[in-house]
Structure formats: C-alpha cells, structure tokens
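Here's the letter readout for the chains.
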Amino acid sequence: MIRTIARGFAFPEGPRWHEGRLWFADQHGGTVYVLEPDGSIHEHFDVPGGPSGMGWLPNGDLLVVSMDERRLYRRRSDAQLVVHAELADIHSGQSNDMVVDHLGRAYVGNVGFDYFNGEAPRPTCIVAVADEGMVTVAADHLHCPNGSVITPDGRTFIVAETFAFRLTAFDIDAEGRLSNRRIFADFGGYAPDGICLDAEGCVWVAVALANSVVRVREGGEILTQIPIEGARPYACMLGGMDGRDLFICCASDHDPAVTVKVRSGRIDVARVDVGSSGARP
C-alpha cells in the first residue's frame, strides 16, 4: 500500500534519510526540504542553481550539489552555504546526483549534455571531491551517471547510467579510485534514475517511464515492482524508524517550464519487507 505524505512541490529529487528525517531537493523549485516522518516540513532552505544530490561530511556539514552552477556547496553548522568545490571545468552538463563516503569524499555525476535544449547525448564522467574540496575524475565514459550508492563496507560503488539503461558497479580502492567496471543490472531500454540500497544488497530503482519503482538484485532479476499512480517516480530512499519505509519522489512531468507551474511533485511512501542497508546517505 502506498500513501502520499507531502505534496505541492515542483520536482522532488535526491531523497536522503538522515537523523530521523527525510531530506530532499526540489530541483526546479530551488529549495531543499526537510520533512518529519509524517510529512510535515521541519525546515527548508534555498540553494543557488537548483539543488540535487546531498550527503554529509564526517563533521556533520551538509554537501549539496548545485545543478546549474555546476558547483558543490557546503552548509555549515551555522546554516551558511559556502562553496566546497567548483565542477564546471569537468562537468560538461548539469551536475546531478551524488553520494558521500564515510571519509567525506563525494562522488558527483552529471547529465553530460544540454538535455532540455535538445543536444545529443554524449558520455561524461563522475568526479571525486575530497573532503578538502580537491576534484579529480573518478570514472569516465558514462552515460548520464545519476543516482548512486556505496555499499556499507565501502568497497563497491553502484551508479545508474540513465541513458545507457543500466546500473553499473565499480570496486573502490583505499584511495577512493573506481575500477573493475561491470554491469550490475541491465534495464533493457528503461532508464533508471534515483536508487537506494537495502540490507540484502539489492537496489531499489525509480524508473520514471515505467511508472514504477523496482527492486533488483545483481545480475538484473527484478524481485519487486511497485506501480505509481498519477505521476512518475524519479528517486527513492529507504528510511523510517525501522528502515522499511520506501520514500518515493514523484512528479507528473520533468520539464521545468511545466513543473514550476503545476507543482504536482509529491512524496509517496511504501512499506517494504527488507530495510535499509545502513550505509551513509
């Protein structure tokens, strides 16, 4: 059973469960929201250039991607936003989703081309941003690297390559480098977007054009499919008090010219059998 706990957003994306609350980026509205488990708004703040992926440094500071500025911001304990890293020299399209490891290293993907102006897709990269802000290319020749996760042991990185229609896995070495690229799951023409990891090592994937979120194991077998009514799902995150609430970011459209007017974005919740992996968001 699915229920809606919050609505009225432009385009909710990048959900994170952190310290008992749901954080997500209203990308087209330019705002990060923090929700209580019942869906009431605990706080919100604006991010220049539109927020996307989020994660936390070991000291508790929040990192948040600015899509249009192609920049990584850090939100300090005093709630001030400061520039953590510049990404525009490396990211060829809008900066997008991100995952942060236990050392504070951020892996940030990007669209790779000007999607909304009809530019042809082209491969791009994921960058690794060290906790002091130094930027290096972690992996190249990826097709719109999008939602990503790191396994709890810190050894495996999994990313949704949206326009390659697959999840791709890498090994992570002691220096944070990505190697041993391999296909985790092939979606056969459906484009995966936001993802999250559960305690059995399976991945929940938001598949907008299939109007569903699916749970897939390594190798590509789909174990569970949850249809979404009246909207498309773009991202998902396990959370709640027992880790078994699957929060789903939904919207009726993905075009900013439409979403900011209709504000059809909502947060749905489904109860699932297997809880969160416990990895850092």
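Everything that follows concerns the structure shown earlier in this document.
Quick caveat, the model's predicted, so the values are computed rather than measured.

Draft legend 1. A look at the overall build of the protein. Looking only at helices and strands, one finds one helix and 24 strands in the protein. With the C-alpha coordinates aligned to their principal axes, the bounding extent of the protein is approximately 45 × 45 × 40 Å. Looking at the protein as a whole, 55% of its 281 residues qualify as buried. In the protein, once contacts between residues fewer than 6 apart in sequence are set aside, the share between residues at least 24 apart is 43%. Between the centroid of the 25 positive side chains of the protein and the centroid of its 38 negative side chains there is a distance of 1 Å.

Draft legend 2. Structural detail: the nonpolar core. Core analysis: the largest hydrophobic core is formed by 28 residues, its most contacted members being Phe24, Trp204, Leu246 and Ile267. Mapped by element, the contributors of at least two residues to this core are strand S1 (2–9), strand S3 (21–26), strand S4 (31–35), strand S19 (203–207), strand S22 (232–239), strand S23 (245–251) and strand S24 (265–271). Ranked by the residues each element gives to this core, the list is headed by S23, at five residues. Membership of the second largest hydrophobic core comes to 15 residues, among which are Val149, Ala160, Ala185 and Val205.

Scoring rules and cut-offs
- Residues numbered from 1 in each chain as written.
- Predicted model: local features only at pLDDT ≥ 70, side-chain atom pairs only at ≥ 80, totals over all residues.
- Heavy atoms only, no water.
- Helix = DSSP H or I, 4+ residues; strand = E, 2+ residues; numbered from the N terminus.
- Buried < 20%, exposed > 50% of the residue type's maximum accessible area, 1.4 Å probe, protein only.
- Contact = heavy atoms within 4.5 Å.
- Lys, Arg positive; Asp, Glu negative; His and termini not counted.
- Charge placed at Lys NZ, Arg CZ, Asp CG, Glu CD.
- Core = buried A, V, L, I, M, F, W, Y, C linked by side-chain atoms within 4.5 Å.

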